[in-house]
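Fold and geometry: a report
Chain by chain, the residues run as shown.
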Amino acid sequence: MSQSLQDDYIKKESIYGAQNYSPLSVVLEKGEGAYLWDVDGNKYLDMVSAYSAVSHGHSHPELVKTLQDQSSKLAITSRAFYTEPFADFLEFLSKISGFESILAMNTGAEAVETAIKAARRWGYFTKGIPDNKAEIIVADGNFHGRTTTIVGFSSDDAYKKGFGPFGDGFITAKFCWSDCSIQDSIDSFSSKINKNTCAILVEPIQGEAGIRVPDYGWLQELRKLCDKENILLILDEIQSGLGRTGKLFAHDHEDIKPDGLILGKALGGAMLPISAFLSSKEVMNHFNSGSHGSTFGGNPLASKVAKRALELLYEDSLIENSFTLGEYFKSSLQSIDNKIIKEVRGKGLWIGMELNDSELNAKDLCMMLLNEGLLCKETHKTVIRFAPPLMISKKEIDWAIKKITKVIRSV
Ligand SMILES: *Cc1c(COP(=O)(O)O)cnc(C)c1O
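Summary of the structure given here. Small disclaimer: the values here were computed from a predicted structure and weren't measured.

Moving on: helix α11 (residues 300–315). Compared with the 22 Å implied by 1.5 Å per residue over 16 residues, the 22 Å span of α11 between its first and last C-alpha is a close match. The buried count for α11 comes to 12 of 16 residues, which makes it a mostly enclosed element. The complete set of buried residues in α11 reads Pro300, Leu301, Ala302, Ser303, Val305, Ala306, Arg308, Ala309, Leu310, Glu311, Leu312 and Leu313. Its buried side turned inward, α11 meets α3 (61–71), α4 (84–97) and α12 (318–334). Looking one or two residues beyond α11, the residue adopting positive phi is serine 317, at roughly 50°.

As structure tokens, this is what we get:
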């Protein structure tokens, strides 16, 4: 790989850009389907998918066309007016999700903030919690975004150190993971509930924490707990939703329905940011005119692309593909059987490979995979995540398995 040109851009970014990321040293120029090319023309298979925002593949022709057509017609209006694409998007998302009411924002973090506001209003106006006393219970290891409110209830010091003071109203319970059983976790959530609790907010699978998949039944128990205590169950499916786990939503694996659902990432069809909070009319109707909003939220361009992206989940069989190839990919990785691998886990095309503690960390392995033409990203020091676009083919997965096996055997 010629580094000269790439080094120029890398240097420029490090001179003029804030250093809030540590990217792998490759400068990308082009994407198509599951592939990416760098500025020197080297081709890579994408196993990151922009943290699951690229489910449809890069530059899906239908989505490019939708984006072009709508942008040359009407792109941004603000919500001061009605538009047809927004109305159509709302209707379609409501039909496939089964939620009565939707509020559109742009980024994931904004949709999480929306969910927090909705839960608190419901807590005050429906449940009768005294002013400014509402509490929301979250899980340890959570990742819900980067606003000051959200990082305030993170348990990861890297996300919050030096960004305080943080607001009250969030309490942390134990996620069902590692040696924390379903019962331990539910006991932990249960012990944090009081008369001022309005919601439990969790990810059904913790992505950023390292693809932590809780035991089957945990969501059902949380659902029961929330019903018993008159608390809203809100699921952050920004990363796990829209087919990533092999079902439309990760909570479909347990046949439960949350009271509030947060979507983002792949909703934008790998074209632009759009996010949404979905809930019942009972919850959503606490937002009245002027109480919440976003200049770009629900703009016709994003709405048009998002509706087409949702349709393509079905037309391109992305959900089934994620289910079938996910199982195949996971079991193939599990069968590599090497002492550096501690565990391979995941659901659908969302797989984490945890390495045993050793000299070699996950980032080193990602560098080695990069040299073989695979773009992967570590999460924390010991987990590599494999989350290709959901349109990836079995042939491409087979190629990836061959390369991953080769790299692991070589260390
Ligand atoms: C990515 C992510 C977010 C934040 O989304 P942004 O668009 O980056 O603000 C929130 N929750 C989960 C589970 C995520 O994966």
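Back to the text.
Within a beta sheet, neighbouring strands are joined by backbone hydrogen bonds and run either parallel or antiparallel to one another. Reading across the sheet, the 4 strands line up as β11-β12-β15-β14 and stay open at both edges, with antiparallel pairing between neighbours. For this open sheet the edge positions go to β11 (341–346) and β14 (377–379), each flanked by a neighbour on one side alone. Pairwise comparison of adjacent strand axes, ignoring direction, gives a mean angle of 30° for this sheet. Pairing between strand β12 (residues 351–355) and strand β15 (residues 383–386): 4 bridges, direction antiparallel. In the sheet register, isoleucine 351 faces β15, and the bridge partner there is phenylalanine 386. Here helix α13 (residues 362–371) sits on the sheet in contact with β12, β14 and β15, set at roughly 40° to β15.

Attention now goes to the pattern of salt bridges. Inspection of the entire model under this criterion finds 19 salt bridges. Ionic pairing is found between arginine 308 and glutamate 311, a salt bridge with its closest N-O pair at 2.6 Å. Here arginine 308 and its partner glutamate 311 are both found in helix α11, 3 residues apart, which amounts to about one turn of the helix. The exposure class assigned to glutamate 311 is buried, which follows from its relative accessible area of 18%. Of the charged contacts in the structure, one is a salt bridge between arginine 345 and glutamate 343, with a shortest N-O distance of 2.7 Å. By relative accessible area, glutamate 343 is classed as partly exposed at 35%.

Each value, and the rule that gives it
- Residues numbered from 1 in each chain as written.
- Predicted model: local features only at pLDDT ≥ 70, side-chain atom pairs only at ≥ 80, totals over all residues.
- Heavy atoms only, no water.
- Helix = DSSP H or I, 4+ residues; strand = E, 2+ residues; numbered from the N terminus.
- Expected span 1.5 Å × (residues − 1).
- Buried < 20%, exposed > 50% of the residue type's maximum accessible area, 1.4 Å probe, protein only.
- Contact = heavy atoms within 4.5 Å.
- Pairing = 2+ DSSP bridges.
- Axes fitted to C-alpha atoms, helices over the stretch in contact; angles between N-to-C directions.
- Salt bridge = Lys/Arg side-chain N within 4 Å of Asp/Glu carboxyl O.

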